[in-house]
Each structure stands twice: as C-alpha cells, then as structure tokens.
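What follows is each chain in one-letter form.
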Amino acid sequence: AACSSKTRNAALHPLWQSPLTIPGGTRQSPINIQWRDSVYDPFLKPLKISYDPTTCLHIWNNGYSFLVEFDDSADKSIIVGGPLENQYRLKQFHFHWGAINDWGSEHTVDSKFYPAELHLVHWNAVDYPSFEDAVMEGNGLAVIGVFLKLGARHEGLQTLVDALPAVRHKDTVIEFDEFDPSCLIPSCPDYWTYAGSLTTPPLTESVTWIIKKKPIEVDEDQVNLNFTLLPQRCSEPVFHQQFSGKTQKLSVFSEIC
Ligand SMILES: NS(=O)(=O)c1ccc2c(c1)[C@H]1CCC[C@H]1[C@@H](c1ccc(O)cc1Cl)N2
Ligand SMILES: [Zn+2]
C-alpha cells in the first residue's frame, strides 16, 4: 500500500511549505542521540513529575496524529527539576509512529529507530502569559520523549488505545478524563537532555528536550496504532528527517538503575 514506502514527497503538502529546516538553525530536532556524545552533567537534577488526572480533557485527531489535551489554566499538572529553571505545565501529549515496526520514532539512539515515540509537551507559564507565546521562546517548551518498544502489553496505554476507534476520523474529539500520563513514563530516572526545536514545522527552536533513556514496552496490537488511524496516515506525508548539523550539548542524567 502507499503507506508502506518509507519516504514521502513532503514538498507537496501545504503544511510543509515552510522550510524543512530553519536556515541558520542552531538547535534543530530530532537528532540521533549518540551515547558517546553525551556528557554526564553533575548539576542535572532528577525530573519531578506531578500530574493531576482530573486535568485530562479530550483526545483530538488532527489528521496527522492524535493528541490528548489537558487543562493548563493552573499549575495542576507540572514538571520541575531536571534541566529546567522553573516549573512547566502539561499541555498535551501525542505519539509518532510508522507504518511498519522497524521505524516510527523521531529521535534515534545510536542510529537505532524505535517503533514509536511519545511526546509530552509542557510550557513555561512562569515566564510567558500563554502557550502560543511560549512556543516562540527559547525556554518556552519542555518536551519529555519516551521511546516505545515491542514487548509486554502496557495496561495504562490500553485505556487510551481502547478510546482511539472513536477518533478514527480527522478532526474528531472525544472526552477523555481521569487519565494520568505518568503511567507512560518509565520509572528509571535516567534521561538525555539538549536544547532543540519542534520536530515538524514551524520547527521553532523553543524546546528543552528531555528524552528518557529507558523505553516503555507495549505489545504488537498497541503499537500498531496505524490500523486505528490509517486513513489519515495514508493521506498525510510522513516526515522523517534528522539533523546531523551541530546541535547543542547533549547532557545525560543517570542514577544507577
Ligand atoms: N513533535 S513536537 O512535540 O516537537 C511538536 C511539533 C510541532 C508542534 C507541536 C509539537 C505542538 C506542541 C507545541 C506547538 C504545537 C504545534 C503548534 C505550533 C505552532 C502553533 O502556532 C500552533 C501549534 Cl498547535 N506544533
Ligand atoms: Zn512530537
């Protein structure tokens, strides 16, 4: 099927009309995380995650992926610590996956793709009045990246997968509440962090990336989210480009685990 080929002519789709890389961009994402490039940073703290499940609002299929959005009108679901100067509010999370299992993640680790990658997007409500403002600022966003690998079934993810058939079509929204996304984050505190950008246009260089070192395990049916949303996936360009240009320092936080 058209979906099986790995590349797309991304040039045609209006969303990608903006440059595929920001000319002169110094901190573009995604990148290939090379263990050997990562520098242990003794000043990095553990990341503190405290989410309030009642802030979970709905699931929205925007045609490229599905997003689970949160009520970010107060400091109820926040992260603090890690490489961050202050606390950031959870706004939404979404996944990146591929049509087949041997690729799908946006970041790679030592050039290895994972079948999927979860992004939990947070914004700096201490320094900026709105999410839209924060998206444009160098320290405006903090995104936690979690790799998904094939293995045991993930019970927490299943509640989300069960709801997906109801958002099969582009621009459908269903109510989704009482979900605590910290169940999707590995308990091992180790992470890589670097100053980067949004991974798709507008590619704004406003993201402090915090990539968890350990993946979570999900089973075959759960990672084949495609079968639920395939129609949109087929029609939208899948865009997998990495930037091998010089990026910011890649630091690593690790405790023995
Ligand atoms: N794969 S990712 O996590 O790096 C990623 C990539 C692109 C975008 C997003 C997340 C979300 C979350 C921050 C901005 C928002 C979106 C956007 C950009 C600009 C806008 O004016 C509005 C919106 Cl909704 N674009
Ligand atoms: Zn993303």
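Below: a short report on this structure. Model, not experiment: these values are computed from the prediction.

A short note on the overall build of the chain
Thinking step 1. Of regular secondary structure, the chain possesses 4 helices and 15 strands.
Thinking step 2. Look at the contacts in the chain between residues 6 or more apart in sequence, and 74% of them connect residues 24 or more apart.

Here's the deal with unusual backbone geometry
Thinking step 1. The linkage connecting S29 with the following residue, P30, adopts the cis geometry, with an omega of -5°.
Thinking step 2. P202 follows P201 through a cis peptide bond whose omega is 15°.
Thinking step 3. Relative to the assigned elements, P202 resides in the loop between β12 (191-196) and β13 (207-212).
Thinking step 4. Although it is not a glycine, D110 adopts a positive phi angle of roughly 50°.
Thinking step 5. Here D110 is to be found in the loop between β8 (108-109) and β9 (116-123).
Thinking step 6. By relative accessible area, which is 38% here, D110 ends up partly exposed.
Thinking step 7. The phi angle at E178 is positive, at roughly 55°, despite the residue not being glycine.
Thinking step 8. The residue E178 is located in the loop between β11 (173-175) and β12 in this model.
Thinking step 9. The exposed category is assigned to E178, whose relative accessible area is 53%.

A word on the coordination of the zinc ion (ligand 2)
Octahedral six-donor coordination of a metal ideally yields angles of 90 or 180 degrees, compared with 109.5 degrees for tetrahedral four-donor coordination.
Thinking step 1. Taken together, the protein ligands of the zinc ion (ligand 2) are H94 (NE2), H96 (NE2) and H119 (ND1), with distances of 1.9 to 2.0 Å.
Thinking step 2. If you look at the zinc ion (ligand 2), its 4 donor atoms make angles of 101 to 115° with each other, and the shape they trace is tetrahedral.
Thinking step 3. In primary-sequence terms, the residues that donate to the zinc ion (ligand 2) follow H-x1-H-x22-H.

So, the site of ligand 1
Thinking step 1. Close to ligand 1 lie 14 residues; H94, H96, H119, T199 and T200 are nearest.
Thinking step 2. Between H94 and ligand 1, the recorded distance is 3.4 Å, taken from a side-chain N or O atom to a nitrogen atom.
Thinking step 3. In this structure, a nitrogen atom belonging to ligand 1 sits 2.8 Å away from a side-chain N or O atom of T199.
Thinking step 4. In isolation ligand 1 exposes 520 Å². Once the protein is present, 69% of that is buried.
Thinking step 5. Secondary-structure elements contributing two or more residues to the shell around ligand 1 are β7 (88-97) and β9.
Thinking step 6. For the shell around ligand 1, the leading source of residues is β7, giving 3 residues.
Thinking step 7. Of the residues in the shell around ligand 1, the class split is 7 nonpolar, 6 polar and 1 charged.

Parameters at a glance
- Residues numbered from 1 in each chain as written.
- Chains lettered and ligands numbered in written order.
- Predicted model: local features only at pLDDT ≥ 70, side-chain atom pairs only at ≥ 80, totals over all residues.
- Heavy atoms only, no water.
- Helix = DSSP H or I, 4+ residues; strand = E, 2+ residues; numbered from the N terminus.
- Contact = heavy atoms within 4.5 Å.
- Buried < 20%, exposed > 50% of the residue type's maximum accessible area, 1.4 Å probe, protein only.
- Donors = N, O, S within 2.8 Å, 3.2 Å for Na, K, Ca; no water.
- Tetrahedral: all angles 85-135°; square planar, octahedral: opposite > 155°, others 65-115°.
- Near = heavy atom within 4 Å.
- Polar contact = N/O pair within 3.5 Å; in protein donor to acceptor, adjacent residues only side chain to side chain.
- Areas by Shrake-Rupley, 256 points an atom, 1.4 Å probe, with all protein chains shown as cover.
- Nonpolar A, V, L, I, M, F, W, Y, C, P; charged D, E, K, R; others polar.

Everything listed here is a matter of geometry and, on its own, says nothing about what the molecule does.
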